[in-house]
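Structure at a glance
Now for the letters of each chain:
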Amino acid sequence: MGCLVSTPKDLGGNRRRPANVGEISVFVPGLRIPKPVDFSPSLTDHVSKTLVERLSALRTRIVVMAGQEGPTITRTKRKTFTQHGGSTLAELQQALEDYLPFLLGLVKDGSPLQQKVQFVWVNQEDDAEETAMSNAWYEVLSVLHLMASLSLSQANLVLLPRTSADGYQPKISEESRRTSIDVLLKAAGYLDCAVKQVLPLLPTELRSAYEGIVLKLISRYRILIIFTLVQGCSFYFFVDFRRGLPVDLTEGVLRALCLQALGQGVDIQLGLAIDSTKATLAVKRRLACEMVKYWQQAQDNLTNLPLSNGWGEKHRFFVKWKYIEAKAAAYYYHGLILDEGNTEKSHGMAVAALQAADEFLKESKNTSDAFNTAPPLSRNPPLWGTMKYLSEKIPKDTSSKVRINQDLYTHDKIMETAPTLPDFALALKPDDYQLPPVHISWNDENVNRGQ
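Residues numbered from 1 in each chain as written. Predicted model: local features only at pLDDT ≥ 70, side-chain atom pairs only at ≥ 80, totals over all residues. Heavy atoms only, no water.

The chain is annotated in an unreviewed UniProt entry as BRO1 domain-containing protein from Rhododendron griersonianum. As its UniProt record puts it under Sequence similarities (unreviewed entry), the chain is described as follows: "Belongs to the BROX family." (UniProt positions renumbered as here; feature names shortened; annotations may be inferred.)

Below is the structure:
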């Protein structure tokens, strides 16, 4: 008897990944694409033909749009227009919003229709190319994830520097930065809703990505077990061990994406504070320290998840990169505030903090390279905002403070361990997104008709 572990390619999925996604300011996971579903066999005996046709039309529209634009929507095109003249991102987002109230009718008041239809989506961060589940809450979760991904993609496009009218260094307007914060909070709202309102409604066995030590080794694959009989004949059958959600939709990934959106929102707030003459060092330090907490929590949520496949590995590198960048910013501003003290100890701690900031800045550049070379390939846009300022100020101020303090104090006094960063409560919150009410078309339906 022998076992053959089939690869995603063996399973015949249709996942398509671009080789290069261009400039990235905001990480956008590869879009999960829905596959066609025929509602008629499962629903015709239970709801009206009109409602079945409406559900089918709404979902087919999403399948077509996502299938055509999904593989390229993460690329950094300035504007994407459909044949009807509308924005691809906006039209696909609207299609999802139109579909959701009809979809929620399948789960209304614990409807028996909840498990009548099998929904299939192509994954991006999971080893398995696609996941099929006969549970309408899985479809709702997938829709919210796609809505969040589209918002992240929109934020990325808004935050790509554009050549200024005066022909100087490309930059991002204050209006664009403020708009991007709103979009990031919207994305975070979708993800927060997915975690708090939808995941708990899925059965426990579906929410668990892995079950048992054996599944940690062979999880997410369909295993072909071959029994060789004594007579030399072979008997083949499949055992499907994939019982949980794809890693794309696990609580850890959803929470991480939500925290990333918030962390990048605070990053933009810090950039605006840097440009403001009214913002104090204390305000900038607080924002930088909050940013560290968001990215640290995002990284913690990805710990132990099998993000080693394509987009998953890139996702992990992005979070690590931004976490290190955030620490560089936090230690820099903490060092400047400590240096305002009048004691030898405070000056020594200030230098240690600035040196830590300089080391984190150097480390972030290496991690950025690892992120950009992980498939699909990407590149950094021209520096702007927080990191443009800090990449110039940190090396300069660190060198200056070290030199000054070496003249005043002994070498031992300024080489102590970097001081602990202050702990601040997190202020930025996701939008309060709530699932829409069930469409009125369901009010006249008797879901038990025909049973």
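There is more to say after this.
**A look at the overall build of the chain**
A count of helices and strands for the chain gives 13 helices and eight strands. Here the chain holds 451 residues, and the buried ones make up 54% of them. Long-range contacts, defined as pairs at least 24 residues apart, comprise 79% of the intrachain contacts of the chain with a sequence gap of at least 6. (Helix = DSSP H or I, 4+ residues; strand = E, 2+ residues; numbered from the N terminus. Buried < 20%, exposed > 50% of the residue type's maximum accessible area, 1.4 Å probe, protein only. Contact = heavy atoms within 4.5 Å.)

**A closer look at the pairing of strand 5 (residues 130-133)**
The alternating pattern of strand 5 places T131 and M133 on a buried face, while none of E130 and A132, on the opposite face, is buried. The sheet contact formed by strand 4 (residues 119-122) and strand 5 spans four bridges and is antiparallel. Within strand 5, the position partnered with W121 by the bridge is T131. (Pairing = 2+ DSSP bridges.)

**Concerning helix 2 (residues 49-69)**
The end-to-end C-alpha separation of helix 2 is 30 Å, in line with the 30 Å expected for 21 residues at 1.5 Å each. Considered for burial, the residues of helix 2 that qualify are L51, V52, L55, S56, L58, R59, I62, V63, M65, A66 and E69. (Expected span 1.5 Å × (residues − 1).)

**Some details on the sheet that holds strand 4**
Here we have three strands laid out as an open sheet, ordered 3-4-5, and antiparallel in their pairing. Every other strand in the sheet has two partners, leaving strand 3 (33-34) and strand 5 as the edge strands with one partner each. Contacts from helix 4 (residues 136-158) reach strand 4 and strand 5, with the element oriented near 30° to strand 4. (Axes fitted to C-alpha atoms, helices over the stretch in contact; angles between N-to-C directions.)

**Considerations on unusual backbone geometry**
Cis peptide bonds are those with omega within 30 degrees of zero, and the linkage from P375 to P376 qualifies with -5°. Looking at where P376 falls in the secondary structure, it is placed in the loop between helix 11 (344-373) and strand 8 (377-379). Even without being glycine, D109 reaches a positive phi, approximately 50°. Note that D109 resides in the loop between helix 3 (88-103) and strand 4. Looking at D109, the relative accessible area reads 73%, which means it is exposed.

**Structural notes on the side chain of S151**
Tracing the chain through its elements places S151 in helix 4. Judged by its relative accessible area of 2%, S151 is buried. If sequence neighbours within four positions are ignored, S151 has contacts with Q93, V183, K186, A187 and Y190.

**Here's the deal with the pattern of salt bridges**
Throughout the structure, instances matching the rule amount to 17 salt bridges. R61 is the partner of D98 in a salt bridge, and the nearest nitrogen-oxygen pair spans 3.5 Å. Residue D98 is located in helix 3, and its partner R61 is located in helix 2; the two are separated by 37 residues in the primary sequence. Here the salt bridges share partners, and the residues they tie into one network are D358, E359 and K362. (Salt bridge = Lys/Arg side-chain N within 4 Å of Asp/Glu carboxyl O.)

**Things to note about the packing of helix 8 (residues 251-275) against helix 9 (residues 281-302)**
At their nearest, the axes of helix 8 and helix 9 sit 8 Å apart, and the two run at 165° to each other. By the angle between their directions, the pair helix 8 and helix 9 is classed as roughly antiparallel. Helix 8 and helix 9 meet at a crossing whose hand is left-handed. Split by residue class, the contact of helix 8 with helix 9 holds 15 nonpolar, seven polar and four charged. (Parallel < 35°, antiparallel > 145°, perpendicular 65-115°, else oblique. Left-handed = near helix turned anticlockwise from the far one by under 90°. Nonpolar A, V, L, I, M, F, W, Y, C, P; charged D, E, K, R; others polar.)

**Structural notes on the layout of surface pockets**
Over the atoms, a rolling probe the size of a water molecule traces out where space has been left empty. Its volume calculated, the largest pocket comes out at about 400 Å³. Lining the largest pocket are 25 residues, with W321, K322, E325, L383 and M387 sitting closest to its centre. At the level of secondary structure, the elements contributing two or more residues to the lining of the largest pocket comprise helix 8, helix 10 (311-338), helix 11 and helix 12 (385-408). In terms of residue count, the dominant contributor to the lining of the largest pocket is helix 8 (five residues). (1 Å grid on protein atoms, 1.4 Å probe; cavity = no way out; pocket = protein on both sides within 12 Å on 5 of 7 lines; lining within 4 Å. Points joined across faces, edges and corners; volume = space filled by probe spheres on them.)

**Quick word on the packing of aromatic side chains**
Within this structure, the stated rule accounts for 11 aromatic pairs. Considering the side-chain rings of F27 and F371, the 6.5 Å spacing of their centres and the 65° angle between planes classify their relative orientation as edge-to-face. Of this pair, F27 sits in the loop between strand 2 (20-23) and strand 3 while F371 is found in helix 11, placing the two residues 344 residues apart along the sequence. With a relative accessible area of 1%, F27 lands in the buried category. You can call F371 buried: its relative accessible area is 0%. Judged by centre distance (5.0 Å) and plane angle (70°), the rings of Y332 and Y333 are edge-to-face. (Phe/Tyr/Trp six-rings, centres within 6.5 Å; stacked < 30°, edge-to-face > 60°.)

**Considering helix 3**
Helix length check: helix 3 (16 residues) gives 22 Å between terminal C-alpha atoms against 22 Å at 1.5 Å per residue, within 8%. Of the residues making up helix 3, those classed as buried are T88, L89, L92, Q93, A95, L96, Y99, L100, P101, F102 and L103. Among the structural elements, helix 2, strand 4, helix 4 and helix 5 (174-198) are those in contact with the buried residues of helix 3.

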